[in-house]
Amino acid sequence: MTAHTDGHRAPGPHHSDLLTIGQLAARSGLAPSALRYYEGLDLIHATRTTGGQRRYTRGTLRRIAFIRAARRVGLSLDEAKVALDRLPERPAPSGTEWDKVAESWQSRIDEQIAELERLKAKLTGCIGCGCLSLSRCALYNAADRAGETGPGARYLHTRDPATGPEPVPTDPDARTDPDSR
């Protein structure tokens with residue numbers, strides 16, 4: 001830390017402005033391993049002491065808060081990085097700059113809300129049987145026909161909870177309900 005004769009500090013981060021990885025972990029609520037991982041992904045940046053220890057500017061706390069907010073709305077770390085790359089690291093981004101990035105998330109949040117509403121509708125229709133899938137599997141998915149449409153929970157992946165990933169059989173004899181025998 002260098003002081004000029006006029007009493008002002010030299011430009012750049014000063015020792016009192018820097019946080020150790022332990023201090024950053026305590027302040028951010030993340031484990032040091034997560035911070036090192038974020039650094040490896042180039043989401044946050046550290047300077048090194050002559051002994052090789054990491055030091056972070058206090059602005060890193062803001063970047064971590066931003067990453068956590070991005071994750072909360074469902075963005076991947078890659079998407080968070082794209083957003084952070086649009087912001088200056090120093091000086092701290094202005095409110096307007098933060099707002100522009102947040103606005104870019106609006107459609108993503110709206111999509112997530114719609115997806116959660118669809119999931120809610122599907123779960124409401126399934127929960128009554130107690131197994132979340134008995135009515136679909138035993139009545140409409142004999143011999144695992146839904147499995148032919150792809151991997152995973154096919155009835156939860158489909159956009160229309162009434163029809164599922166395959167046509168619903170209309171012939172009562174086509175249903176294979178083991179409890180009806």
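Below is a summary of the structure that appears in this document. Bear in mind the structure is a predicted one, so any value in this text is a computation, not a measurement.

**Description of the sheet that holds strand β1 (residues 18-19)**
At step 1: Taken in spatial order, the 3 strands make up an open sheet running β1-β3-β2, and their pairing is antiparallel. The strands lining the two open edges of the sheet, one partner per strand, are β1 and β2 (47-48).
At step 2: Strand direction decides the pairing type here: β2 and strand β3 (residues 54-57), joined by 2 bridges, are antiparallel. Bridged to R48 within β3 is R54.

**Considerations on the packing of helix α1 (residues 21-28) against helix α3 (residues 59-72)**
At step 1: Contact geometry for α1 and α3: axes closest at 10 Å, N-to-C directions at 45°. When the axis of α1 is compared with that of α3, the two are oblique. The two elements α1 and α3 meet at a crossing, and its hand is right-handed. Residue-level inspection shows L24, R27 and S28 of α1 in contact with α3, the latter providing T60, L61, I64 and R68.
At step 2: In the contact of α1 with α3, the residues fall into 3 nonpolar, 2 polar and 2 charged.

**Structural notes on the environment of R48**
At step 1: Within the fold, R48 resides in strand β2.
At step 2: For R48, a relative accessible area of 47% gives the class partly exposed.
At step 3: If sequence neighbours within four positions are ignored, R48 has contacts with E39, Q53 and R54.
At step 4: Polar side-chain contacts of R48 include one of 2.8 Å to the backbone oxygen of G52.

**Some remarks on unusual backbone geometry**
At step 1: Residue D42 is not a glycine yet carries a positive backbone phi of 65°.
At step 2: Topologically, D42 is positioned in the loop between α2 (32-40) and β2.
At step 3: Exposure remark for D42: the relative accessible area of 37% places this residue in the partly exposed category.

**Concerning the packing of aromatic side chains**
At step 1: Applying the stated criterion across every chain yields a total of 1 aromatic pair.
At step 2: Aromatic side chains F66 and W105 sit 5.2 Å apart centroid to centroid with 45° between the ring planes, which places their arrangement in the tilted category. Taken together, the residues span a long stretch of sequence, with F66 in helix α3 and W105 in the loop between α5 (95-104) and α6 (106-127) at a distance of 39 residues. Each member of the pair, F66 as well as W105, is classed as buried.

**Some thoughts on the pairing of β3**
At step 1: Here β1 runs beside β3; their pairing, made up of 2 bridges, is antiparallel. Its bridge partner lying in β3, L18 is registered against T57.
At step 2: Here β2 folds back onto β3 in antiparallel fashion, the turn holding 5 residues, of which G52 has a positive phi close to 85°.

Conventions used here
- Residues numbered from 1 in each chain as written.
- Predicted model: local features only at pLDDT ≥ 70, side-chain atom pairs only at ≥ 80, totals over all residues.
- Heavy atoms only, no water.
- Pairing = 2+ DSSP bridges.
- Helix = DSSP H or I, 4+ residues; strand = E, 2+ residues; numbered from the N terminus.
- Axes fitted to C-alpha atoms, helices over the stretch in contact; angles between N-to-C directions.
- Parallel < 35°, antiparallel > 145°, perpendicular 65-115°, else oblique.
- Left-handed = near helix turned anticlockwise from the far one by under 90°.
- Contact = heavy atoms within 4.5 Å.
- Nonpolar A, V, L, I, M, F, W, Y, C, P; charged D, E, K, R; others polar.
- Buried < 20%, exposed > 50% of the residue type's maximum accessible area, 1.4 Å probe, protein only.
- Polar contact = N/O pair within 3.5 Å; in protein donor to acceptor, adjacent residues only side chain to side chain.
- Phe/Tyr/Trp six-rings, centres within 6.5 Å; stacked < 30°, edge-to-face > 60°.

Geometry only, nothing functional implied.
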